[in-house]
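Report on the structure
Below are the chains, spelled out letter by letter.
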Amino acid sequence: MRDFWIRFFVFNLSSIVAFLVKMLFLLIFEKMFGWGVIWCNFAALLISGLLNYFLADTVVFRKCFVSTKREA
């Protein structure tokens, strides 16, 4: 059960980081290129979606996240 809560916390933390990255890129694309909000959102969502997938795949759902072995 402890493993679930640790993964749950790390997953939510990585999702928050990906959301903040999306907001950062949204502002960067709007300032640098002067694109409309839809194109900026699309580009930022693409980048943050890939980041979120990478974080979930490598950090949250890796095989040996928490050792389940108990010493006797």
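That block above? That's the structure.
Below: a short report on this structure. Each chain carries its own residue numbering, running from 1 in the written order of its sequence. Owing to the predicted nature of the model, reporting of local features is limited to residues with pLDDT of at least 70; listing and counting of side-chain atom pairs is limited to 80 or more, with chain, interface and lining totals taken over all residues. The side-chain figures draw on all heavy atoms in the structure; neither hydrogens nor water molecules are used.

Moving on, we get to the packing of aromatic side chains. Put simply, two rings from Phe, Tyr or Trp (the six-membered ring, in Trp's case) pair if the centres are within 6.5 Å, and we call them stacked under 30 degrees between planes, edge-to-face over 60, tilted for the rest. One pass over the structure, following the stated rule, counts eight aromatic pairs. Geometrically, the ring pair formed by F4 and W5 is edge-to-face, given 5.0 Å between the ring centres and 75° between the ring planes. With a centroid separation of 5.7 Å and an interplanar angle of 35°, the aromatic rings of F25 and F29 are classed as tilted. Linking F25 with F29, this pair stays in helix α1 (residues 2–33), spanning four residues, or about one helical turn. Only protein chains enter the accessibility calculation, which uses a 1.4 Å probe; a residue is then buried when its area is under 20% of its type maximum, exposed when over 50%, and partly exposed in between. Assessed through its relative accessible area of 12%, F29 is described here as buried. Clustering of aromatic rings is evident, with ring pairs tying together F25, F29, F33 and W35. Only runs of H or I of at least four residues qualify as helices and only runs of E of at least two qualify as strands under DSSP, and these elements are numbered from the N terminus.

Quick look at a nonpolar patch on the surface now. Taken together, the side chains of L24, I28, M32, F33, W35, W39 and F42 define a hydrophobic patch exposed on the protein surface, amounting to about 800 Å² of accessible area. Mapped onto the nonpolar patch, the elements with two or more residues apiece are α1 and α2 (37–60). The biggest single contributor to the nonpolar patch is α1, with four residues. For W39, the location among the structural elements is in helix α2. Patches here are clusters of residues that have more than 30% relative accessible area and form no salt bridge, with a 9 Å joining cutoff for like charges and a 5 Å cutoff for nonpolar side chains (Val, Leu, Ile, Met, Phe, Trp, Tyr). Accessibility throughout is a Shrake-Rupley quantity obtained with a 1.4 Å probe, and a residue counts as covered only by protein chains that appear here. Between Lys or Arg on one side and Asp or Glu on the other, a salt bridge is scored when a side-chain nitrogen of the former is within 4 Å of a carboxyl oxygen of the latter.

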